[in-house]
Amino acid sequence: MEHEIDYAPGRTGTDQVLFAHDGNLGRILLNRPKAINSLNAEMCRAILEQLRLWADDPAIKTVTVEGAGERGLCAGGDVKSLRQAVVADPKSPAPAEFWETEYEMNQLVADYPKPYLAVMDGVCMGGGLGISAHGSIRLVTPRSKLAMPETIIGFFPDVGMLHLLSRMPGEFGTFLALTGRTIGAGDALAAGLADHLIAEADIQPHLAATAAGGVVAAAPAAPEPELFGAGWIAECFVGDDAQAIVRRLGDHDDEGARRAAEDITARSPFAVSLTLAALRRAAELSLSEVLAQDLRLSRHFATDPDFLEGVRCQLVDRGDTPQWRHRSLADVDPAEVAALF
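The protein chain appears in an unreviewed UniProt entry as 3-hydroxyisobutyryl-CoA hydrolase from Enemella dayhoffiae.

This is the structure we're talking about:
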């Protein structure tokens, strides 16, 4: 007999995220499947309120988060709507209000007093990692696709992820932050972005057993990482100079290194420069301090021409080549980057 779950909107009333009390579990279901469950301020507010309620509810032993539909947990924040708000009104408070609420939610996930289990199946990128990777139990599947692709849209990896990326060994986090590359379950597990592998077909039986307080069967063997531990990543992504990183990559014998150089060169030069500076600072900061830094930086980017252009090309006029405001990394003034901190 199929395990039935009675999902319903929370106190805020939005049906874009649903909640259920299922045995020992408090279950969160992101419910915008056509948008791969992209987050907006309304969803983040609803999740914040529900997490606070469940934190004090003795009947809730563990909280879970899943994504509706077949495509994934969450593709990130709804930056297309944020761009629309800024284009209509450059002084719109919508971006700042969204990021403030989202980052508060990220912090609560990290500090949650009960186990927080994230099902990182399928697409889990940007804000999708913010709502999952800070949790205490992070499940990936063979079809998981994880990324912080913000430099592709002229933005920077936010939602506190620089705290995790800056602490990865072998400069793997620097590689992910600058290139925006997508990785699978093997690399996610090796890099510390996930804890356990689970087959897609086992997700609901696993959660049903957890809800009932039962014992869950052993997970399948984890796949080998494809990129984590690559020597060229550790060699090339050192230091604070993005131009030097790209030169080392472009001159390297490994084809993967040369591809990474091409990836970074295609990104917003300002976003790449800012990301590297923010990443190095994050290595010495707590998560709360990284999120505070994220908020300062995101407020700038709300009206930055590269962010507006990047979102346009990737999500509005798909396929367009972005025209960044700097021609190359060499044209980015370090003082302009430093001023944002």
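Looking at this structure, how should I read empty space enclosed by the protein?
Take a probe with the size of a water molecule and roll it over the atoms, and the empty space left behind shows itself. The final tally for this structure, using the stated rule, is one cavity of 30 Å³ or more. Within this model, the largest cavity holds a volume of roughly 50 Å³. Here the residues of the lining of the largest cavity sort into eight nonpolar, no polar and one charged.

Even after reading the chapter, I still don't get the packing of aromatic side chains, so can you show me in this structure?
What characterises a pair of aromatic rings is the spacing of the ring centres plus the angle enclosed by the ring planes. All chains considered together, the criterion is met by 14 aromatic pairs. A centroid spacing of 5.3 Å and a plane angle of 80° characterise the contact between phenylalanine 172 and phenylalanine 228, whose relative ring orientation is edge-to-face. Linking phenylalanine 172 in helix 6 (residues 172-179) with phenylalanine 228 in the loop between helix 8 (203-211) and helix 9 (231-236), this pair joins segments that are 56 residues apart in sequence. The exposure class assigned to phenylalanine 172 is buried, which follows from its relative accessible area of 1%.

Explanation requested: helix 8 in the structure shown.
Note on helix geometry: an α-helix contains 3.6 residues per turn, so any two residues three or four positions apart are oriented the same way. When we look at burial in helix 8, the residues that qualify are Ile203, His206, Leu207, Ala208 and Ala211. Considering only its buried residues, helix 8 is in contact with strand 2 (17-22), strand 3 (25-30), strand 4 (62-67), strand 6 (116-120) and strand 8 (137-140).

Before we go on, may I ask you to explain the layout of surface pockets in this structure?
Each pocket or cavity is described by its volume, and for the largest pocket that value is around 730 Å³. Broken down by secondary-structure element, the contributors of at least two residues to the lining of the largest pocket are helix 2 (79-88), helix 3 (94-111), strand 7 (123-125) and helix 14 (305-316). Ranked by residue count, the leading element in the lining of the largest pocket is helix 3, at three residues. Class assignment of the residues belonging to the lining of the largest pocket gives a composition of 14 nonpolar, six polar and eight charged.

Criteria and cut-off values
- Residues numbered from 1 in each chain as written.
- Predicted model: local features only at pLDDT ≥ 70, side-chain atom pairs only at ≥ 80, totals over all residues.
- Heavy atoms only, no water.
- 1 Å grid on protein atoms, 1.4 Å probe; cavity = no way out; pocket = protein on both sides within 12 Å on 5 of 7 lines; lining within 4 Å.
- Points joined across faces, edges and corners; volume = space filled by probe spheres on them.
- Nonpolar A, V, L, I, M, F, W, Y, C, P; charged D, E, K, R; others polar.
- Phe/Tyr/Trp six-rings, centres within 6.5 Å; stacked < 30°, edge-to-face > 60°.
- Helix = DSSP H or I, 4+ residues; strand = E, 2+ residues; numbered from the N terminus.
- Buried < 20%, exposed > 50% of the residue type's maximum accessible area, 1.4 Å probe, protein only.
- Contact = heavy atoms within 4.5 Å.

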